[in-house]
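# Structural characterization, general
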Amino acid sequence: MAHSKVIQVEKLLDEALKHNNFQALEHLLQDESKDQTSLKCSKHFMTKMDKLFCREIELGNVDNACLVLMLLHKLGEMLVFPGGGGLSMVQWFEKSRKLWAKQELKLAEDFFDALMVCINLIFIRNYLPTLFMDVVKKMPTELKNKKKLLSSQEATSMMMGVASQVLKGGDYDLQVSLMEALCRMASSAQRIQLADSWFSMNFISSAFKKIKDSEFETDCRKFLNMVNGMQGDGRSVYSYPCLEAFLDNHQLLMPQDENLEAFWVDFNLGTQSISFYFSFLKEGQ
């Protein structure tokens, strides 16, 4: 039954894509019955959804685009995607938000619902924190209040996953990006409330609560140095204070931040790279 159902869904996508017939797809999505069986898709399934959504958005057919989002929302957790193809969720977002300004709240809501279901799908997991952050920032205020974003189970699960990745790291710049996502998704007061659920170790959650938005770079450096350092030989980012650094004949200086205590260089085992933040020596100095 599950196999026949996904074949039916794919045929209905073809019907909409090739013949502009959405009636059967709409009828299928109105079926409220729950099927917990995983549905295996062909390798072209995601590409078809991607083409269909982008086409309908570009044509201004909001109702048809919403049907594609509803497909992800209602069946996304049951779909099993093989290798090949993919959804351009960032592109979907950029195309969709242009219509949000025209009070297309249903499109905004359907996009958010589809994105929340996609949290556990591998094809967007790597960039989900940044995308979610952008969606929340640009989402209509009316919809933000309706969705109660930070209290939703999906958002809570995602933020806990982001916090977990901060600890695993592998690359300092990646850790900073994940920290920025956490700090942007929640206000300072909300972070104090949520930190204990994000980080199980008390001294880590306590250190996280001390991060100030106004001194994010400096406080983030202190926090990540502590998190990486506590892992000893098992760490994947090694950070050391640097006395001097040169790029060819150019001397690189510590970033101009009065709160920064040292010129740090990071050895990233996960990405096999070396990174550091610096400023150039000005001429005449």
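Residues numbered from 1 in each chain as written. Predicted model: local features only at pLDDT ≥ 70, side-chain atom pairs only at ≥ 80, totals over all residues. Heavy atoms only, no water.

### So, the sheet that holds strand S6 (residues 263-268)
- The strand order across the open sheet formed by three strands is S3-S6-S7, and the pairing between neighbours is antiparallel. Looking at strand neighbours, the two that pair on one side only are strand S3 (237-242) and strand S7 (273-275), the edges of this open sheet. Adjacent strand axes in the sheet meet at a mean angle of 20° when their direction is disregarded. (Pairing = 2+ DSSP bridges. Helix = DSSP H or I, 4+ residues; strand = E, 2+ residues; numbered from the N terminus. Axes fitted to C-alpha atoms, helices over the stretch in contact; angles between N-to-C directions.)

### Concerning helix H14 (residues 216-229)
- Taking 1.5 Å of rise per residue, the 14 residues of H14 would be expected to cover 20 Å, and the 19 Å separating its terminal C-alpha atoms lies within 8% of that figure.
- Extensive coverage of H14 is indicated by the burial of ten of its 14 residues.
- Where H14 is concerned, the buried positions are Phe-216, Thr-218, Asp-219, Cys-220, Arg-221, Phe-223, Leu-224, Asn-225, Val-227 and Asn-228. (Expected span 1.5 Å × (residues − 1). Buried < 20%, exposed > 50% of the residue type's maximum accessible area, 1.4 Å probe, protein only.)

### Structural notes on the pairing of S6
- As judged from the six bridges shared by S3 and S6, these two strands associate in the antiparallel manner. Bridge pairing in S6 links Cys-242 to Phe-263.
- Bridge count for S6 against S7 is three bridges, and the pairing is antiparallel. For Asn-268, the partnering residue across the bridge sits in S7 and is Ser-273.

### Section: the packing of helix H3 (residues 45-58) against helix H5 (residues 89-100)
- Put simply, H3 and H5 touch, their axes get as near as 10 Å, and they point 20° apart. By the criterion of interaxial angle, the relationship of H3 to H5 is roughly parallel. In this structure, the crossing between H3 and H5 has a hand that is left-handed. Residues Met-49, Asp-50, Phe-53, Cys-54, Ile-57 and Glu-58 of H3 form the contact with H5, whose own contacting residues are Gln-91, Trp-92, Lys-95, Ser-96 and Leu-99.
- Here the residues of the contact of H3 with H5 sort into six nonpolar, two polar and three charged. (Parallel < 35°, antiparallel > 145°, perpendicular 65-115°, else oblique. Left-handed = near helix turned anticlockwise from the far one by under 90°. Contact = heavy atoms within 4.5 Å. Nonpolar A, V, L, I, M, F, W, Y, C, P; charged D, E, K, R; others polar.)

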